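Residue-level listing of the chains:
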Amino acid sequence: MRKALLIAGAALLLAANGAWARTLSVGPGAEFRTIQSAIDAAQSGDVITVAPGLYRESLVITTSRLEIVGAGAGASVVQSGGIPVRFVRAAGGRFEGFTLRYTGAAQNPVLLAEAASPLLVGNEVTGGTLAGVEVRGGATPALFSNHIHDNAGTGVLVHGAADATLTANRVERNGLGEVHHPGIEARDNGRVVAQFNQILVNGGSGAFVHQGAVAELLGNTIVGNGLHGVAVEDRARAELRSNTLWWNAEVGVLLRDNGAATVTGNVVARNLLGIVLVKDAQGRATEPVQRDNLLIANTRDTLGLGLAARDVRLATAAVDHPDFQALLQAVNLAGELLVQLRGDAPLPDARERFIEQTQAAELILADLYKQEGLRDEAQTRYNMVIRLNLNSQAADRARAELATMGV
């Protein structure tokens, strides 16, 4: 009897640790012909591998801790006139290596996470009318290295007390229709932590935080958006640290309607206005915590508030830096390439050239912050260079600089 109990206990322990997890395969000649049939047959902890091909289906994932792995974006394609992928009340799990394409006309996202917490890695998300990715209902997904582009609506929409973490994603060319939607939007008490993302040439603001939402933005490249770089309003709160905000059509950082923000270590350049604080009719507004920002070559650097003393000091140090003219040249060349990135048919090398100029500028900026004793800001900018292109000479130089700093 005791031996039987020990065997049963060991079996339960092995099952709990995923030792009996299965691998289910999908594709021509495989065990399953459709992804949904594999999902329906899977149990928590199972792995589903999907062969290259076009899968015309709408996936609904309600089983926790499933690993669903495609052959790579552009190879395994899920396309549907309904919502292509929905995670509903599923804890954990991973969804990696797919192109997701919405082809319907209704207001829908491409991928929906509702009361779920998947890890979304290396996917291409395009064609959404409401959003590329919608996160709601208390969901807590993590998005890493996805390309979220050319959605008619918002790139990533987080609302309904949801909490999303975005790292090293490309969020670009969203909201370019008649209504100019932002790249990333947090509203209705949603929360976003966004770090080292490229948020480029979206129709509205790069990031729009409103209706009581909270956002933490660190080390993001927020460039060339059709409205503001970051807008914070309507009782929302944001922490902006060491971001790059260039060439946005109106304001680099906009605060209004009692939006509260900490704005530190950001580089705000070539926007119409740099940092703007708008007060209501009663003169009420929340003054930002503002320091160590570099504002250069905006039509006007601030409106509604002045430059902080530490901002003035940094601007003076920048002008005196031996590579200041090279910095301006790189920023200006990046701006010229943005015209290509906005176009319907950009030249094949436009993105690579844009990244090269951005990296060149970021190396100078990192050196400037290091020279001024702002170690954390310098480290973040060196890491931005690495994230922009993991294999370039600029990235190698950034790693070498980090090594000299003991990082």
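A brief structural summary. Quick caveat, the model's predicted, so the values are computed rather than measured.

To continue, consider the overall build of the protein chain. Looking only at helices and strands, one finds seven helices and 34 strands in the protein chain. For a compact globule of 407 residues, the expected C-alpha radius of gyration is about 22 Å, and the protein chain comes in at 23 Å, within 12% of that figure. Taken across its 407 residues, the protein chain has 52% of its residues classed as buried. A sequence separation of at least 24 residues applies to 52% of the contacts in the protein chain between residues at least 6 apart. Carbon and sulfur atoms provide 52% of the accessible area of the protein chain, an area that totals close to 16,800 Å². The distance from the centre of the 35 positive side-chain charges to the centre of the 40 negative ones in the protein chain is 6 Å.

It is worth spelling out the layout of surface pockets at this point. For the largest pocket, the calculated volume is near 470 Å³. Among the elements of the structure, α5 (350-371) and α6 (375-388) are those that each provide at least two residues to the lining of the largest pocket. Surrounding the second largest pocket, 14 residues form its lining, E172, R173, L341, P346 and R351 being those nearest its centre. Per element, the largest residue contribution to the lining of the second largest pocket is three residues, and it comes from α5.

Now for the side chain of N298. Along the chain, N298 turns up in the loop between β33 (294-296) and β34 (300-303). Judged by its relative accessible area of 9%, N298 falls in the buried class. Engagement of the side chain of N298 in a polar contact is seen with the backbone nitrogen of R270, the distance being 3.3 Å. Looking at N298, its side chain comes within polar contact range of the main-chain nitrogen of N271, at 2.9 Å. Look past the residues within four positions of N298 in its chain and what remains in contact with it is V268, A269, R270, N271, L272, L273 and G274.

On to the pattern of salt bridges, then. Here the structure, examined in full by the defined rule, presents 22 salt bridges. Residues E172 and R351 are paired through a salt bridge, measuring 2.5 Å at the closest nitrogen-oxygen approach. Highlighted residues: E172 in strand β18 (residues 170-172) and R351 in helix α5, separated in sequence by 179 residues. It is possible to trace a salt-bridge network through shared partners that takes in D292, R310, R313 and E372.

A word on the environment of A394. If you trace the backbone, A394 turns up in helix α7 (residues 393-404). Given a relative accessible area of 17%, A394 falls into the buried group. Those residues in contact with A394 that lie beyond four places of it in its chain are Q359, L363 and V385.

Scanning the entire structure with this criterion turns up one cavity of 30 Å³ or more. Its volume calculated, the largest cavity comes out at about 30 Å³. Lining of the largest cavity is provided by L111, L120, N123, V125, V133, L143 and N146. A breakdown of the residues in the lining of the largest cavity according to their chemical character gives five nonpolar, two polar and no charged.

Right, let's talk about the sheet that holds strand β31 (residues 273-278) for a bit. On the basis of which strands lie adjacent, the open sheet formed by 11 strands has the order β4-β7-β10-β13-β16-β19-β22-β25-β28-β31-β34 and parallel pairing. Edge positions in the sheet fall to β4 (59-61) and β34, since each has one partner strand and no second. Looking at each pair of strands side by side, their axes are set apart by 10° on average, direction ignored. Of the pairings in the sheet, the one linking β4 to strand β7 (residues 85-88) comprises three bridges and is parallel in character. Pairing of L59 across the sheet is with V85, part of β7.

The subject of this paragraph is α5. Between its first and last C-alpha atoms α5 spans 32 Å; for 22 residues at 1.5 Å apiece the expected length is 32 Å, and the two agree. Positioned one or two residues after α5, G373 has a phi angle of 80°, which is positive.

What follows is about the packing of helix α4 (residues 324-342) against α5. At their nearest, the axes of α4 and α5 sit 8 Å apart, and the two run at 155° to each other. For the element pair α4 / α5, the angle class is roughly antiparallel. Considering only the axes of α4 and α5, their crossing is left-handed. Two secondary-structure elements touch here, α4 through A326, L327, A330, V331, L333, A334, L337, L338, Q340 and L341 and α5 through A350, R351, R353, F354, Q357, T358, A360, A361, I364 and L365. Taken together, the residues of the contact of α4 with α5 sort by class into 15 nonpolar, three polar and two charged.

Further remarks concern the sheet that holds strand β1 (residues 23-26). Strands belonging to one sheet form pairs held by backbone hydrogen bonds; the direction of such a pair is parallel or antiparallel. Spatial strand order, β1-β2-β5-β8-β11-β14-β17-β20-β23-β26-β29-β32: 12 strands in an open sheet with parallel pairing. Each edge of the sheet is formed by a strand with only one pairing partner; in this case those strands are β1 and β32 (289-291). Direction aside, neighbouring strands of the sheet carry axes that sit 10° apart on average. Across five bridges, the pairing between strand β23 (residues 214-218) and strand β26 (residues 237-241) is parallel. Opposite V214, over in β26, you have R237 as the bridge partner.

The rules behind the values
- Residues numbered from 1 in each chain as written.
- Predicted model: local features only at pLDDT ≥ 70, side-chain atom pairs only at ≥ 80, totals over all residues.
- Heavy atoms only, no water.
- Helix = DSSP H or I, 4+ residues; strand = E, 2+ residues; numbered from the N terminus.
- Rg over C-alpha atoms; globule rule 2.2 N^0.38 Å.
- Buried < 20%, exposed > 50% of the residue type's maximum accessible area, 1.4 Å probe, protein only.
- Contact = heavy atoms within 4.5 Å.
- Areas by Shrake-Rupley, 256 points an atom, 1.4 Å probe, with all protein chains shown as cover.
- Lys, Arg positive; Asp, Glu negative; His and termini not counted.
- Charge placed at Lys NZ, Arg CZ, Asp CG, Glu CD.
- 1 Å grid on protein atoms, 1.4 Å probe; cavity = no way out; pocket = protein on both sides within 12 Å on 5 of 7 lines; lining within 4 Å.
- Points joined across faces, edges and corners; volume = space filled by probe spheres on them.
- Polar contact = N/O pair within 3.5 Å; in protein donor to acceptor, adjacent residues only side chain to side chain.
- Salt bridge = Lys/Arg side-chain N within 4 Å of Asp/Glu carboxyl O.
- Nonpolar A, V, L, I, M, F, W, Y, C, P; charged D, E, K, R; others polar.
- Pairing = 2+ DSSP bridges.
- Axes fitted to C-alpha atoms, helices over the stretch in contact; angles between N-to-C directions.
- Expected span 1.5 Å × (residues − 1).
- Parallel < 35°, antiparallel > 145°, perpendicular 65-115°, else oblique.
- Left-handed = near helix turned anticlockwise from the far one by under 90°.

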